[in-house]
Amino acid sequence: MKTIDKERKLGLRVQAILLSTLLSVLLLTGCGGGSQKASVPPPVDDTAGRTMSDRSPVNQPEAKKGLSTGQKVALLGGAAALYYLYNKQKNAQGTGEKGKYYLSKNGRVYYRDDQNRAHWVTPPPGGIRVPESEAQKYQDFQGYNGRTTGRDLTQVPDARQ
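All of these numbers come straight from a predicted model, not from anything done at the bench.

Undergrad: I tried to follow the overall build of the chain on my own but got confused; where do I start?
TA: Of the regular secondary structure elements, the chain holds four helices and five strands. The helix and strand sequence of the chain, counted from the amino end, reads α-α-β-α-β-β-β-β-α. Residue burial in the chain is summarised as follows: out of 161 residues, 27% are buried. The long-range share in the chain, meaning contacts at least 24 apart out of those at least 6 apart in sequence, stands at 60%. Carbon and sulfur atoms form 55% of the exposed surface of the chain, whose accessible area is close to 11,200 Å².

Undergrad: Help me understand the nonpolar core, please; the structure alone is not making it clear to me.
TA: Note that soluble globular proteins tend to have their nonpolar side chains buried in a common cluster. Leu-76, Tyr-83, Val-109 and Leu-153 are the most contacted members of the largest nonpolar core, which has 23 residues in total. Take this core: its biggest share by element is eight residues, from helix α3 (residues 78–89).

Undergrad: Hey, could you run me through the pattern of salt bridges in this one?
TA: Note that side chains of opposite charge can pair when their charged atoms are close. Evaluated as defined, the whole model comprises two salt bridges. Taking the shortest distance from any N to any O, the salt bridge between Glu-134 and Lys-88 comes out at 2.7 Å. Taken as a pair, Glu-134 in helix α4 (residues 132–135) and Lys-88 in helix α3 lie far apart in primary sequence, 46 residues in all. Of the residues examined, Lys-88 reaches a relative accessible area of 44% and is grouped as partly exposed. A salt bridge links Arg-117 to Asp-113, with the nearest nitrogen and oxygen atoms 3.0 Å apart.

Undergrad: Is there a simple way to think about the environment of Ala-74 in this case?
TA: Its location among the elements puts Ala-74 in strand β1 (residues 73–76). Linking Ala-74 and Ala-135, residues 61 residues apart in sequence, is a C-alpha distance of 6.3 Å. When residues no more than four places from it in sequence are discounted, the contact partners of Ala-74 are Ile-128, Arg-129, Val-130, Glu-132, Ala-135, Tyr-144 and Asn-145.

Procedures and definitions
Residues numbered from 1 in each chain as written. Predicted model: local features only at pLDDT ≥ 70, side-chain atom pairs only at ≥ 80, totals over all residues. Heavy atoms only, no water. Helix = DSSP H or I, 4+ residues; strand = E, 2+ residues; numbered from the N terminus. Buried < 20%, exposed > 50% of the residue type's maximum accessible area, 1.4 Å probe, protein only. Contact = heavy atoms within 4.5 Å. Areas by Shrake-Rupley, 256 points an atom, 1.4 Å probe, with all protein chains shown as cover. Core = buried A, V, L, I, M, F, W, Y, C linked by side-chain atoms within 4.5 Å. Salt bridge = Lys/Arg side-chain N within 4 Å of Asp/Glu carboxyl O.

In structure tokens:
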């Protein structure tokens with residue numbers, strides 16, 4: 001009778017351990033990841049499957065009125081253009097292309113739409129013409145006056161979001 005009780009107790013222990021393990025795994029996988037990821041939809045890449053010709057020129061700021069023909073300008077493309085756009089929009093109010101821009105840890109600039117989805121910003125294909133005095137702070141970045149070397153946006157201290 002003692003051996004049957006020992007076998008039965010051993011069987012119950014094994015079952016208890018298995019059930020505890022199974023419940024722990026289900027609990028951890030079902031609740032893992034936190035609620036923050038569930039509330040933020042994945043980013044949207046607006047450039048996928050589209051040509052740049054059908055992008056609206058909203059990303060490019062309007063040309064400064066009253067520039068004299070003798071005033072020097074710099075052409076910002078690539079990382080320099082993205083950082084310029086980010087700095088122009090980082091304190092804006094609202095959502096969408098004309099709202100607030102964010103700088104991601106991976107060195108990309110994005111904005112959020114009304115559904116809180118991230119949309120990556122791409123620099124205009126022809127670059128952005130900026131007065132040289134204003135463009136000086138972007139001279140170390142890739143794309144300043146067509147340069148292919150320089151810093152990218154992963155090396156910017158603001159890239160913390």
